[in-house]
Amino acid sequence: MREYNVVIVGATGLVGRTFIKVLEERNFPINRIRFLASPRSVGQKIRFRGEDITVEELKKGMFSGYDIALFSAGGTISREFAPISVSEGCIVIDNSSTWRMENDIPLIVPQVNPHRIKEYRNRGIIANPNCSTIQMVIALNPIHRVNPIKRIVVSTYQAVSGAGQKAVDALNKEIKAYYNNENIPPQHFPYHIAFNCLPQIDVFMENNYTKEEMKMVMETQKIMESKIRITATTVRVPVMNSHSESVVIETERPISPNEAIKLLSNAPMVVVVDNPQEKKYPMPTIATGRDEVFVGRIREPLVFENGLSMFIVADNIRRGAATNAIEIAELLHTVL
């Protein structure tokens, strides 16, 4: 089996460290691996397959001799260094939003549109979708394939880990301050996140939707079907990990909850947790640390004649970022 030389950019971040963990768990065929980060992280040691590997500084020349580069260091870094990585011989799988809506760059969820993998040849870059988009399309695509979806109404309840380690630290500090009767200013977000919900993720656009909400709209249309009408409301909640989504869909033809449960039960990487009588439904606590997408509360909607309402939960760092990227790398392995 061919082995690859792999570079991880942003290796010390939440997603970067999870890249490393998932590569190890899935036994991805690696010959050499290199960890790159900002100067403040240089010299740190990260263990991989029994070996301590030193983090090096991200700069030109660090990609030569490597095959695949996994990026999770933010949009500014991706914009600058992804083309450099390609010019030095790597195929880039990028976790930022920088390249997602470029027409000639594939935006891939392997359970939904694996056939797009060959388009990496266009520019040497593959985009990893937004975490909330990934879990939603994995859950909806099995239904869409047999009964096309016309409209989606989605509200998300997104964990602080989606905003990085500083956001996780902020929630911890605010919770501790609350129980110690200390009055501290917001630590990361515009308002306190502890015991609060913030109906803003990213900046507001001219249409008064946030950038995060429009990501879900445009990415879902690019991955699944451009004709689907979508409206999204994204909310940051005081949960450490795993995003939740309330989703209502309108389908072309009638579909019963039982039909949907059967379709989803046979879908890859989907777990149905749907037994209201026994209070069994998806929650962040059951999704954290897992790669599957959990779906439940499947019922008839009260606003569309044909369609469904459901609740979708997944680990945003694993399923919504790292695992999807590694699965893209595994798809590459089939065409290289």
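Preceding this section is the structure that the text describes.
Residues numbered from 1 in each chain as written. Predicted model: local features only at pLDDT ≥ 70, side-chain atom pairs only at ≥ 80, totals over all residues. Heavy atoms only, no water.

## Considering the overall build of the protein chain
Counting its secondary structure elements, the protein chain contains eight helices and 14 strands. The C-alpha atoms of the protein chain give a radius of gyration of 20 Å, which matches the 20 Å a tight globule of 336 residues would have. Taken over the C-alpha atoms alone, the protein chain extends approximately 60 × 55 × 40 Å along its principal axes. With 336 residues in all, the protein chain has 53% of them scored as buried. Relative to all contacts within the protein chain whose residues are 6 or more apart in sequence, the contacts with residues 24 or more apart total 67%. (Helix = DSSP H or I, 4+ residues; strand = E, 2+ residues; numbered from the N terminus. Rg over C-alpha atoms; globule rule 2.2 N^0.38 Å. Buried < 20%, exposed > 50% of the residue type's maximum accessible area, 1.4 Å probe, protein only. Contact = heavy atoms within 4.5 Å.)

## What about the packing of aromatic side chains?
Counting across every chain of the model gives six aromatic pairs. Aromatic side chains tyrosine 179 and phenylalanine 195 sit 6.1 Å apart centroid to centroid with 75° between the ring planes, which places their arrangement in the edge-to-face category. Of the two residues, tyrosine 179 is situated in helix 4 (residues 165–179) and phenylalanine 195 in the loop between helix 4 and helix 5 (211–223); the sequence distance between them amounts to 16 residues. Since its relative accessible area comes to 59%, tyrosine 179 is described here as exposed. A residue is classified by how much of its surface remains accessible, and phenylalanine 195, at 51% relative accessible area, is exposed. Above the plane of the ring of tryptophan 99 lies arginine 79, whose end atom (NZ or CZ) is 4.5 Å from the centre. (Phe/Tyr/Trp six-rings, centres within 6.5 Å; stacked < 30°, edge-to-face > 60°. Lys NZ or Arg CZ within 6 Å of the ring centre and 35° of its normal.)

## Digging into the sheet that holds strand 1 (residues 4–9)
With parallel pairing, six strands are arranged side by side in an open sheet as 5-2-1-6-7-8. Pairing within the sheet leaves two strands with one partner each, and these edge strands are strand 5 (56–57) and strand 8 (125–127). Each of strand 1, strand 2 (30–37) and strand 6 (68–71) touches helix 1 (residues 14–25); the most contacted strand, strand 1, lies at about 155° to it. Sheet strands touched by helix 2 (residues 75–87): strand 1, strand 6, strand 7 (91–94) and strand 8. Its angle to strand 6, the strand with the most contacts, is close to 175°. (Pairing = 2+ DSSP bridges. Axes fitted to C-alpha atoms, helices over the stretch in contact; angles between N-to-C directions.)

## A short note on the side chain of serine 309
Along the chain, serine 309 falls in strand 14 (residues 307–314). Overall, the relative accessible area of 8% leaves serine 309 in the buried class.

## Digging into the sheet that holds strand 14
Read from one edge of the open sheet, six strands run 10-9-11-14-13-12, paired in mixed fashion. Of all the strands in the sheet, the pair left with one neighbour each is strand 10 (229–236) and strand 12 (270–272). Geometrically, the sheet is characterised by an average inter-axis angle of 20° between neighbouring strands, direction not taken into account. Pairing between strand 9 (residues 149–158) and strand 11 (residues 243–251): eight bridges, direction antiparallel. Paired with isoleucine 152 across the two strands is isoleucine 249, which belongs to strand 11. Along the sheet, helix 6 (residues 257–265) contacts strand 12, strand 13 (293–299) and strand 14; its crossing angle with strand 13, the most-contacted strand, is approximately 170°.

## Re the environment of glycine 289
Its place among the elements puts glycine 289 in the loop between helix 7 (284–287) and strand 13. A residue is classified by how much of its surface remains accessible, and glycine 289, at 45% relative accessible area, is partly exposed. Sequence separation of glycine 289 and alanine 163 is 126 residues, and the distance between their C-alpha atoms is 17 Å. In this structure, glycine 289 is in contact with Asp315 and Arg318, ignoring residues within four places of it in sequence.

## As for the pairing of strand 13
The buried fraction of strand 13 is high, at five of seven residues. Two elements, strand 12 and strand 13, share three bridges in a ladder whose sense is parallel. Residue pairing for strand 13: valine 271 is matched across the bridge by phenylalanine 294. Bridging between strand 13 and strand 14 involves four bridges; their strand directions are antiparallel.

## Looking at unusual backbone geometry
Of note in the backbone geometry, aspartate 202 takes a positive phi value of approximately 75° without being a glycine. Here aspartate 202 falls in the partly exposed class, since its relative accessible area comes to 34%. The phi dihedral of lysine 279 is positive, around 55°, even though this residue is not glycine. The residue lysine 279 is located in the loop between strand 12 and helix 7 in this model.

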